[in-house]
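# Architecture at a glance
Single-letter residue listing:
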Amino acid sequence: MYQNNQDGLINFVKENRPRLALTLGDPAGIGPEVILKALADPEIRKKYDVTLVGNGDLLAQIYYKLNLTENLVALANPDELSVSDVQLDGKIKDQIISGIGNAASGAASFAYMEYAIAQTLAGKFDGIVTGPIAKSAWKAAGYNYPGQTELLAQKSGVDRFGMLFVARSPHTNWTLRALLATTHIPLRQVADVLTPQLLTQKLDLLVECLEKDFGIYRGRIAIAGLNPHSGEQGQLGHEEQDWLIPWLEQERQNRPQLQLDGPIPSDTMWVKPGQAWYGNSLVQNLADGYLALYHDQGLIPVKLMAFDRAVNTSIGLPFVRTSPDHGTAFDIAGKGIADATSMKAAIHLAAELVSQRLAKKNNE
């Protein structure tokens, strides 16, 4: 049995159902489809108070179109769901075409996000589950954000935030948690953006998240190196010797309650998690959280292990936010073949984190 602390993922309190806002994402993508498939699960609708944020008429159109496909599976009927209808200009709605991301679909998905954030900050919802959006469509609509995470942080008034990817193995029930130190920037900029100050901030966020959302105290965290073989004592890059190793030694002194492993070469850091994911019972000394230094260093292994069930979790916000770990998939939109596993996982995780926070607040 893996020593992975699951205490923070508590049983739901039936009399206090988590209130979740569920945005449709880009209406031209697969977001509405995976949402309707996820909400066809009676367990989700029974346990959680879910409100869709989007356009009721667009959702109805998508529902009826999906019912005409040859790949018909169970779909929730929009007429039976709670929907907060975000009003859009008629011209915008007329330009939304399934499978084509454009300025209109970008404007719609941005409006859904703004509404959900405002209502959550006002106390109507405990958390947000976001459907996938297209950054190019946002840009076409005049919104220049690297992604939804940055919009969430700005609207919430926070400057300390991060992208944590969480996935629970269907083979062993072991939970993987991977935080990215840098996210959507060109690879050539990574070494310049990484600093001891940035890594301290990300480590703070990860430690706080493990404690607040997962009930893990005195945790073990694995931290990746930047260069091949973690620089091999300066032969393959100097960042480890110049500042990463000294920074890590200082953090060990500052945080004696934690076990900080690293810097671990990224080609070996993911070996044990991969073995644990697929059921190797001999794996020991697994970390509670993994800190990757750049986008692909963290997300290639996460998606290899858990592409259909990983959840993007924004940490550092005043509320819970999760999202499926996939994009809009315009190429298959409207065909009825999109996999809703990650969306369902995002809904379940959001509810678990909300319940964990509510329980902690009630016990204080």
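Residues numbered from 1 in each chain as written. Predicted model: local features only at pLDDT ≥ 70, side-chain atom pairs only at ≥ 80, totals over all residues. Heavy atoms only, no water.

Short version of the rule: UniProt positions are given in the numbering used here, feature names are shortened, and annotations may be inferred rather than shown by experiment.
The name given to the chain in an unreviewed UniProt entry is 4-hydroxythreonine-4-phosphate dehydrogenase, and the organism recorded there is Nostoc cf. edaphicum LEGE 07299. UniProt, in the comment section headed Subcellular location (unreviewed entry), describes the chain in these words: "Cytoplasm".

## Focus: the overall build of the chain
Stated precisely, the cut-off is as follows: Helix and strand definitions here come from DSSP, where helices need a minimum of 4 consecutive H or I residues and strands a minimum of 2 consecutive E residues; each element is numbered from the N-terminal end. For every residue, the accessible area (1.4 Å probe, protein chains only) is compared with the maximum for its type, and the residue is labelled buried under 20%, exposed over 50%, or partly exposed between those bounds. Here, residues are in contact when the closest pair of their heavy atoms is within 4.5 Å. Every accessible area reported is derived by Shrake-Rupley at a probe size of 1.4 Å, with residue values counting cover from the shown protein chains alone. Asp and Glu are treated as the negative residues and Lys and Arg as the positive ones, with His and the ends of the chain left uncounted. Charged groups are reduced to one reference atom each: NZ for lysine, CZ for arginine, CG for aspartic acid, CD for glutamic acid.
Within the chain, the regular secondary structure consists of 14 helices and eleven strands. For the C-alpha atoms alone, the extent of the chain along its principal axes is close to 60 × 45 × 40 Å. Here the chain holds 364 residues, and the buried ones make up 54% of them. Taking contacts inside the chain between residues at least 6 apart in sequence as the whole, the part at least 24 apart equals 77%. For the chain, the exposed area adds up to about 16,100 Å²; of that, 49% sits on carbon and sulfur atoms. In the chain, which carries 33 positive and 39 negative side-chain charges, the distance between the mean positions of the two groups comes to 4 Å.

## Regarding the sheet that holds strand S11 (residues 320–324)
What counts, and what does not: Strand pairing is defined by DSSP finding a minimum of two bridges between the two strands. Axis definition: a line fit to C-alpha positions, over the contact stretch in the case of helices; interaxial angles, taken between N-to-C directions, run 0 to 180 degrees.
As summarised here, the arrangement of the eleven strands in space is S3-S2-S1-S4-S11-S10-S5-S6-S9-S7-S8, forming an open sheet in which the pairing is mixed. On the outer flanks of this sheet lie strand S3 (82–85) and strand S8 (259–264), each paired with one strand and no other. Pairs of neighbouring strands in the sheet enclose a mean axial angle of 25 degrees, with direction left out of account. Where strand S7 (residues 220–224) and strand S9 (residues 289–292) come together, three bridges link them in parallel fashion. Among the inter-strand pairings, Ile 221 is bridged to a residue of S9, identified as Gly 289. Helix H9 (residues 196–214) rests against strand S5 (162–168), strand S6 (175–180), S7, S8, S9 and strand S10 (311–315) of the sheet, and its axis sits at about 45 degrees to S5.

## A look at the nonpolar core
As a reminder, the rule being used: Here the nonpolar core consists of buried residues drawn from Ala, Val, Leu, Ile, Met, Phe, Trp, Tyr and Cys, with membership extended through side-chain atoms lying within 4.5 Å.
Ranked by size, the top nonpolar core spans 109 residues in total, and within it Leu 22, Leu 39, Leu 194, Leu 199, Tyr 290, Leu 293 and Ile 347 carry the most contacts. No other element matches H9, which puts nine residues into this core. Here Leu 194 is in contact with Ala 181, Thr 182, Leu 199, Leu 226, Trp 243 and Leu 293, once residues within four sequence places are set aside.

## Digging into empty space enclosed by the protein
Stated formally: Buriedness for pockets is judged along seven lines, at least five of which must meet protein on both sides within 12 Å for an open set on the 1 Å grid over protein atoms alone, while cavities are sets there where a 1.4 Å probe fits but cannot get out, and lining residues have an atom within 4 Å of a point. Grid points are joined across faces, edges and corners, and a volume is the space filled by probe spheres set on the points. Under this grouping Gly is polar, as are all residues other than the nonpolar Ala, Val, Leu, Ile, Met, Phe, Trp, Tyr, Cys and Pro and the charged Asp, Glu, Lys and Arg.
All told, the structure shown has one cavity of 30 Å³ or more when counted by the stated rule. Taken as a whole, the largest cavity encloses approximately 40 Å³ of empty space. Forming the walls of the largest cavity are Glu 33, Lys 37, Leu 66, Thr 69, Asn 71, Leu 72, Val 73, Leu 75 and Gly 336. Residue classes in the lining of the largest cavity are distributed as four nonpolar, three polar and two charged.

## Some words on the packing of aromatic side chains
Condition: What counts as a ring pair is set by centres within 6.5 Å for rings of Phe, Tyr and Trp (its six-membered ring), and what kind of pair is set by the plane angle: stacked under 30 degrees, edge-to-face over 60, tilted for all other angles. By definition, being over a ring means that NZ of Lys or CZ of Arg is both within 6 Å of the ring centre and within 35 degrees of the ring normal.
Taken as a whole and assessed by the stated rule, the structure comprises six aromatic pairs. On the basis of an interplanar angle of 35 degrees and a centroid distance of 5.9 Å, the ring pair of Phe 110 and Tyr 145 is categorised as tilted. Of this pair, Phe 110 sits in helix H5 (residues 103–121) while Tyr 145 sits in the loop between helix H6 (135–140) and helix H7 (148–156), placing them 35 residues apart in sequence. Between Trp 270 and Tyr 290, the ring centres sit 5.4 Å apart and the planes meet at 35 degrees, which makes this aromatic pair tilted. One end of the pair, Trp 270, is in the loop between helix H11 (266–269) and helix H12 (271–278); the other, Tyr 290, is in strand S9, and 20 residues separate them in sequence. For Trp 270, a relative accessible area of 10% translates into the label buried. In textbook terms, an aromatic cluster arises when at least three aromatic residues are bridged by ring pairs, as seen for Phe 110, Trp 138, Tyr 143 and Tyr 145. Taking the ring centre of Phe 161 as reference, the NZ or CZ of Lys 202 above it sits at 5.7 Å.

## Quick notes on the pattern of salt bridges
Note the following rule: Note on definitions: salt bridges are taken to be side-chain nitrogens of Lys or Arg within 4 Å of carboxyl oxygens of Asp or Glu.
One pass over the full model with this rule turns up 16 salt bridges. The salt bridge involving Arg 19 is made with Asp 126; its shortest N-O contact spans 2.8 Å. A residue pair is termed long-range when its members are at least 10 positions apart, and Arg 19 in strand S1 (residues 19–23) and Asp 126 in the loop between H5 and strand S4 (127–130) qualify at 107 residues. Via salt bridges that share partners, Asp 204, Glu 251 and Arg 255 belong to a single interconnected network.

## Things to note about the packing of H12 against helix H13 (residues 295–306)
We count it as follows: For classification purposes, an angle smaller than 35 degrees is called roughly parallel, one larger than 145 roughly antiparallel, one from 65 to 115 roughly perpendicular, and anything else oblique. Each crossing gets its handedness from the near helix: less than a right angle anticlockwise from the far helix is left-handed, clockwise is right-handed.
Direction vectors running N to C along H12 and H13 enclose 15 degrees, while the axes themselves pass 10 Å from each other. Between H12 and H13, the angle is such that the two are roughly parallel. As for the relative orientation of H12 and H13, their crossing is right-handed in sense. Between H12 and H13, the residues in contact are Pro 273, Gly 274, Trp 277 and Tyr 278 and Leu 304, Met 305 and Ala 306, respectively. Class assignment of the residues belonging to the contact of H12 with H13 gives a composition of six nonpolar, one polar and no charged.

## As for unusual backbone geometry
Following Gly 262, the chain continues to Pro 263 via a peptide bond in cis, the omega torsion being -10 degrees. As for its placement among the helices and strands, Pro 263 is situated in strand S8. Positioned with a positive phi, Ala 329 is a non-glycine residue whose angle comes to about 45 degrees. Examined against the element boundaries, Ala 329 turns out to sit in the loop between S11 and helix H14 (341–363). When its relative accessible area of 25% is taken as the criterion, Ala 329 is described as partly exposed.

## Notes on the UniProt feature "binding site: a divalent metal cation" (unreviewed entry) in the chain
Following the UniProt record, the feature "binding site: a divalent metal cation" (unreviewed entry) maps to His 184, His 229 and His 295 here. Across 112 residues of sequence, these annotated residues are also dispersed in space, with a maximum C-alpha separation of 23.8 Å. Relative to the helices and strands, His 184 is located in the loop between S6 and helix H8 (190–193). Dropping the residues within four chain positions of it, His 184 is found in contact with Lys 135, Pro 146, Met 163 and His 295. Within the secondary structure, His 295 sits in helix H13. Setting aside residues no more than four positions away along its own chain, His 295 makes contact with Leu 180, Thr 182, Thr 183 and His 184.

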